[in-house]
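Structural characterization, general
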Amino acid sequence: MTKTLAVLGSTGSIGVQALEVAELMGFEVQALTANSRTDIIEEQIRKFAPKIAAVADEKAAADLKIRVADTSTKILAGKQGVEECARCGADTVLNSIVGIAGLAPTLAAIDAGSNIALANKETLVAGGKIVLDAAEKKGISILPVDSEHSAIFQSLQGCQGKSQIKRLILTASGGPFFGKKKEELENVTIEQALNHPNWSMGAKITIDSATMMNKGLELIEAAWLFGMKAADIDILVHRQSIVHSLVEYVDNSVIAQLGVPDMRIPIQYALTYPDRFVSPVKQLDLAQAATLTFEKPDYETFACINLCRKAFEMGGLYPAAVNAANEKANELFRNGKIRFLDIPRAVEAAFDYTADVSDYTLEQVFETDSLIRSETERLFI
Ligand code: NDP
Ligand code: MG
């Protein structure tokens, strides 16, 4: 179990909740990182007194250094600074950075021998094999924070081997546009797309939920984490977000994890596994929830899901490519530069620009990422 903790991306939605859990559990927080929000990280530094903290944006880091000059926390800057925090040697490094920016820090933390509590799903999507090989070599665990993956992980406790598992079923809220057809999505606004029905999250993942790219990324994440074929992972739309995912065993017995939609449950489990502790999260009242519904996704309207499935099945650099196209298109949509349905179009276009290789290096992952980002911009702007 975790006693010392580093939180990468501590100023974000998951990061802030991770620190709530850390405070409650009495963990010693050794390192914190942000991109540019110095006001939030300053508060966190004053509260948790980590040994080191880093801000990726160099200017913001210089500003933070002045602001916390009266504390004993050492302030680092840039990507290297974030990686140095990842290498702090804490029992667990919780990575809640958004996007591929989390990949190098995950590898740095693994290299330093820390267990990983992983919220940053893009890390596994883009660098799956590299990350898993590094973790295996060091003998460290990657514990899922993503609620669906935590649910699967919890439902797998007691499983006597992979041959017992028939399939994994990831649930999806369906996002704000559930039930709508493609034609109705052509002109949706950023505000509409940011209006998630069940979860309050960072902007990028909220848009990923609206396109359902999030479920595609999660399918790849699950395939890597649990060593499953994409064909053995199904998706069910479950509007209430109470059943967080399920495992079907060979005897057709299905085990699921349920709870109110609150990320502090999976965060805490990743940090206290295999133990469980009292949590301030609301108790689930199934009688009040009354109806739980399940249905198949509309794969035509939400094309990103199957594009991710295809990318994982094609293997090599394709998952990194669809992730890069989505990250860029998601950002362009949030900045008002492209339309909502350009996001799945960009993800589809990425296949044409990706080198078809079966083995790949970390450098190739980063090269693919920047190539696909610039192609996305060239094609859609
Ligand atoms: P937020 O946007 O709320 O937070 C992102 C964090 O990453 C912030 O601390 C941000 O710093 C930091 N950051 C952003 N860009 C960089 C960069 N280039 N280098 C270093 N740090 C950076 O995101 P969320 O907390 O919502 O999501 C984080 C991750 O967790 C994502 O991968 C998401 O898919 C995953 N996740 C989130 C869930 C949720 O409920 N929010 C649920 C399941 C998974 P700053 O604040 O300074 O910008
Ligand atoms: Mg999730």
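Presented here is an overview of the structure given in this document. Given the structure is predicted, the values throughout are model-derived calculations rather than measurements. (Residues numbered from 1 in each chain as written. Chains lettered and ligands numbered in written order. Predicted model: local features only at pLDDT ≥ 70, side-chain atom pairs only at ≥ 80, totals over all residues. Heavy atoms only, no water.)

On the secondary structure map, Thr38 appears in helix H2 (residues 38-48). Here the side chain of Thr38 touches Asp63 through a polar contact of 3.3 Å, side chain to side chain. With residues near it in sequence (within four places) discarded, Thr38 still touches Ala60, Asp63, Leu64 and Arg67. (Helix = DSSP H or I, 4+ residues; strand = E, 2+ residues; numbered from the N terminus. Polar contact = N/O pair within 3.5 Å; in protein donor to acceptor, adjacent residues only side chain to side chain. Contact = heavy atoms within 4.5 Å.)

According to the stated counting rule, one finds three cavities of 30 Å³ or more in the structure shown. Forming the walls of the largest cavity are Ser147, Ser150, Ala151, Gln154, Trp199, His244, Gln257, Val260, Pro261, Asp262, Ile265 and Pro266. Counting residues per element, the ones that place at least two in the lining of the largest cavity are helix H7 (147-155) and helix H12 (264-272). The element that contributes the greatest number of residues to the lining of the largest cavity is H7, accounting for four residues. Residues that form the lining of the largest cavity fall into these classes: six nonpolar, five polar and one charged. If you add up the space inside the second largest cavity, you get close to 40 Å³. As for the second largest cavity, its lining consists of Ala325, Ala346, Ala349, Ala350, Tyr353, Ile372, Glu375, Thr376, Leu379 and Phe380. When contributions to the lining of the second largest cavity are tallied by element, the ones reaching two or more residues are helix H16 (342-349) and helix H17 (362-380). Counting residues per element, the lining of the second largest cavity draws most heavily on H17, which supplies five residues. Residues belonging to the lining of the second largest cavity are distributed by class as follows: eight nonpolar, one polar and one charged. (1 Å grid on protein atoms, 1.4 Å probe; cavity = no way out; pocket = protein on both sides within 12 Å on 5 of 7 lines; lining within 4 Å. Points joined across faces, edges and corners; volume = space filled by probe spheres on them. Nonpolar A, V, L, I, M, F, W, Y, C, P; charged D, E, K, R; others polar.)

This part takes up the nonpolar core. Note that soluble globular proteins tend to have their nonpolar side chains buried in a common cluster. By size, the foremost hydrophobic cluster in this structure holds 114 residues, and its most contacted members are Leu94, Val145, Leu168, Phe226, Ile267, Phe340 and Val365. When residues of this core are assigned to their parent elements, the largest contribution, eight residues, is made by helix H11 (residues 213-226). Here this core gathers at least three residues from each of two domains, domain 1 (4-120) and domain 2 (150-261 + 281-380). Apart from the residues lying within four places of it in its own chain, the contact partners of Leu94 are Leu5, Ala6, Val7, Leu8, Ile14, Ala18, Ala117, Val145, Ile267 and Leu271. Ranked by size, the runner-up nonpolar core spans five residues in total, among them Ala321, Ala324, Ala325 and Ile372. (Core = buried A, V, L, I, M, F, W, Y, C linked by side-chain atoms within 4.5 Å. Buried < 20%, exposed > 50% of the residue type's maximum accessible area, 1.4 Å probe, protein only. Domains from an automatic or database assignment.)

Okay, the packing of H16 against H17 next. Packing of H16 against H17 leaves a shortest axis separation of 10 Å and a crossing angle of 125 degrees. With respect to their mutual orientation, H16 and H17 come out oblique. Here H16 runs over H17; the crossing is right-handed. Taking contact as the criterion, the partners of Asp342, Arg345, Ala346 and Ala349 in H16 are, on H17, Thr376, Leu379 and Phe380. Here the residues of the contact of H16 with H17 are counted per class, giving four nonpolar, one polar and two charged. (Axes fitted to C-alpha atoms, helices over the stretch in contact; angles between N-to-C directions. Parallel < 35°, antiparallel > 145°, perpendicular 65-115°, else oblique. Left-handed = near helix turned anticlockwise from the far one by under 90°.)

As a further point, take the state of the cysteines. By the definition in use, this model includes zero disulfides. In this model Cys308 remains outside any disulfide bridge; the closest cysteine sulfur is found in Cys304, 6.5 Å from its own. (Disulfide = S-S within 2.5 Å.)

Pairing of strand S3 (residues 52-55) with strand S4 (residues 74-77) involves four bridges; the strand directions are parallel. Directly across from Ala53, in S4, lies its bridge partner Ile75. Taken together, S3, helix H3 (residues 58-67) and S4 constitute a β-α-β crossover, and its handedness is right-handed. (Pairing = 2+ DSSP bridges. Right-handed = clockwise from strand over helix to strand, strands pointing away.)

Moving on, we get to unusual backbone geometry. Across the junction of Tyr273 and Pro274, the peptide omega takes the value 5 degrees, indicating a cis bond. Looking at the element boundaries, Pro274 is found in the loop between H12 and helix H13 (286-289). Backbone geometry places Asn252, a non-glycine residue, at a positive phi of 70 degrees. Its place among the elements puts Asn252 in the loop between strand S10 (243-249) and strand S11 (254-258). Look at Asn252 and you get partly exposed, because its relative accessible area is 48%.

Read from one edge of the open sheet, four strands run S9-S8-S10-S11, paired in mixed fashion. Of all the strands in the sheet, the pair left with one neighbour each is strand S9 (233-237) and S11. Pairwise comparison of adjacent strand axes, ignoring direction, gives a mean angle of 20 degrees for this sheet. Summarising the sheet, strand S8 (residues 165-172) and S9 pair through five bridges and their orientation is parallel. Its bridge partner lying in S9, Ile169 is registered against Asp234. Relative to the sheet, H7 contacts S8, S10 and S11, its axis offset from that of S10 by approximately 40 degrees. Set on the sheet, H11 makes contact with S8 and S9; between it and S8 the angle comes to about 150 degrees.

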